[in-house]
Amino acid sequence: MSVSDSWATLPLELVSARASQTGLIERLRRGEARAVGEVYDEHAGAVLAFARRLVGDEAAAEDLVHEVFVTLPSAIKSFQEASSLRTFLVSIAVNHARHHVRAAARRRAAMARFGEEPSNDATSPEEDVMRVDLARALSLALDELPIEQRVAFVLCEVEERTSREVAEIVGAPEATVRTRLFHAKRKLREELSKRGLR
Amino acid sequence: MSDDFLDRATKALRKEGEASPEDLRRLRSRVTEGVRVQQRRRSRLWTAAFPIAAVLVATTAWAAGTGRLGAAMRGVRALFVPETTVVATAPAPVAAPPKPLPLPVPVPEPVEAPPPPPPESVPPPAPIASAPAAPIPSAKPSVAPSVAVEPEPAPTPAVEDAGTADLALYKRAHKLHFVDKDPAAALGAWDEYLKASPGGAFVAEARYNRAICLVKLGRKAEAKAALQPFADGTVAGGYRKDDARKLIEALEAP
């Protein structure tokens, strides 16, 4: 079925949205900086949130997002029109995440060794402080997982995406994603127990 | 540990990840700058690559237009596989190891012997047949057939401009062969050129002309041996293949 045939079955607003995305993608392929800006305005929030959750470090997450958008004009060549641009951006982030995750994990390990946890916001209410601590504990535990399991956990559990969507992002079968998630959760429970967190 | 703790930690991480508009604004300027830098890099690459590509295309077109492309290509090929394609099939004089070639661009027009006339125009090979298998090198062309070996119209002017020693040797051999019409002297001169420049740009031409000298001198067996690689098409991608076959046929004719 051709693209125009598939559009014929869609509601008008969806057709319009898809046509607009197609135009945007064409401009990205031509390397228009303004097109990158438009994509950023629309999707950067989601990409940055994912990067923070995955990497667990503010600076490394921003580096990752920067890399995603700077490489977008060349990466867009492999974009499949059928998938969403946001999913594609997250998949770029996943592909570039490995060394950012490693760098952040090293930083966290060093901090833990010297007992210098990154400072909390002193003015935060108690609940916020607790949340920050919980998130940090989970990030430390995530550092013990292989990157594939870490990505599966963050996408499925933290971002609450469907296994189908995650499979599309990571380019693996759904069953593989579910297996990775299962092992990730098991290891995380063990890690958190080891640290006396229960 | 309870799943409850993992759930709470997961929720905490979810909440912690949320990006504020301020964070996004700050990061936007960084991303925009990064994209611009990337574009500048790409455009610089194009700026550098385009003239190089244009020069390459123009020189190739010029070489093709002036008939120098073949010699240039042979020169380039000889740079990478000098032994196997050019020298390996050469007779004894070119057995010395190759040395660096002159650049293909300033190379003068290759000098080629005229194509031999068709076999029917070849006079009876009696003189060849009656000639000794290896006559004295100084023998004059009186014993040679008037086959396909008659002189080149004129010396190539490009050779006149050549400054290298190798090309001077080539020029000398060319003059002896085509202007002075002295095959014995030309044979020595071709050998000298091939010895001095075993991987040179004109090795194929020199070897062919050397073989012609042998034919003119009536050194039938040596001429055949020298022509055989050309007839087999193993020299410079089939250089003078048909001519060499016809000459060998003429030499073998009763």
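Predicted, not measured: the structure shown is a model, and the values here were computed from it.

Calculation rules
Residues numbered from 1 in each chain as written. Chains lettered and ligands numbered in written order. Predicted model: local features only at pLDDT ≥ 70, side-chain atom pairs only at ≥ 80, totals over all residues. Heavy atoms only, no water. Helix = DSSP H or I, 4+ residues; strand = E, 2+ residues; numbered from the N terminus. Buried < 20%, exposed > 50% of the residue type's maximum accessible area, 1.4 Å probe, protein only. Areas by Shrake-Rupley, 256 points an atom, 1.4 Å probe, with all protein chains shown as cover. Expected span 1.5 Å × (residues − 1). Polar contact = N/O pair within 3.5 Å; in protein donor to acceptor, adjacent residues only side chain to side chain. Core = buried A, V, L, I, M, F, W, Y, C linked by side-chain atoms within 4.5 Å. Contact = heavy atoms within 4.5 Å. Buried area = accessible area lost by both parts, 1.4 Å probe. Salt bridge = Lys/Arg side-chain N within 4 Å of Asp/Glu carboxyl O. Nonpolar A, V, L, I, M, F, W, Y, C, P; charged D, E, K, R; others polar. Phe/Tyr/Trp six-rings, centres within 6.5 Å; stacked < 30°, edge-to-face > 60°.

(A) Here's a closer look at the overall build of chain A. Each helix and strand in chain A was counted, giving 10 helices and zero strands. Start at the N end of chain A and walk to the C end: the helices and strands fall as α-α-α-α-α-α-α-α-α-α. Going through the 198 residues of chain A one by one, you find that 46% of them count as buried. Here chain A displays about 10,100 Å² of accessible surface, and carbon together with sulfur accounts for 53% of that area.

(B) A look at helix 4 (residues 58–70) of chain A. All names here are of chain A. The end-to-end C-alpha distance of helix 4, which contains 13 residues, comes to 18 Å, matching closely the 18 Å that a straight helix rising 1.5 Å per residue would cover. Buried residues of helix 4: Ala60, Ala61, Glu62, Leu64, Val65, His66, Val68, Phe69 and Val70, and no others. The backbone nitrogen of Ala59 has a side-chain oxygen 3.1 Å away, supplied by the residue at the start of helix 4, namely Asp57.

(C) Fine view of the nonpolar core. Phe69, Leu72 and Phe153 of chain A are the most contacted members of the largest nonpolar core, which has 66 residues in total. At 11 residues, the largest contribution of residues to this core is made by helix 3 (residues 33–55) of chain A. Aside from chain neighbours lying at most four places away, what touches Phe69 of chain A is Val36, Val39, Tyr40, Ala44, Val47 and Leu89 of chain A together with Val31 and Val35 of chain B. Counting 37 residues, the second-largest nonpolar core is a separate cluster that includes Ala186, Ala189, Ala236 and Leu251 of chain B.

(D) Looking closely at the interface of chain A and chain B. Counting residues at the interface gives 40 residues for chain A and 28 residues for chain B. Together chain A and chain B conceal approximately 3,300 Å² of surface at their shared face, both sides included; 63% is due to carbon and sulfur atoms. Here chain A and chain B share six salt bridges between them. In this structure, Glu160 of chain A and Arg14 of chain B form a salt bridge, with 3.6 Å as the shortest nitrogen-oxygen distance. For the interface between chain A and chain B, the tally reads 14 residue pairs in polar contact (both at pLDDT 80 or more). Residue assignment for the side of chain A that touches chain B shows that the elements contributing at least two residues are helix 3, helix 4, helix 5 (72–75), helix 7 (126–142), helix 8 (147–158) and helix 10 (174–194) of chain A. If one sorts the elements of the side of chain A that touches chain B by residue count, helix 3 of chain A sits on top with 12 residues. Partitioning the side of chain A that touches chain B into residue classes produces 20 nonpolar, seven polar and 13 charged.

(E) Fine view of the packing of aromatic side chains. Residues and elements named next belong to chain B. A full pass over the atoms with the stated rule returns eight aromatic pairs over all chains. An angle of 80° between the planes, with centres 5.2 Å apart, marks the rings of Tyr170 and Tyr193 as edge-to-face. Placement of Tyr170 in helix 7 (residues 165–179) and of Tyr193 in helix 8 (residues 183–196) is noted, with a sequence separation of 23 residues between them. Judged by relative accessible area, which is 1%, Tyr193 ranks as buried. Taken together, Tyr170, Trp190, Tyr193 and Phe202 form an aromatic cluster joined through their ring pairs.

Keep in mind these numbers describe shape, not what the thing actually does.
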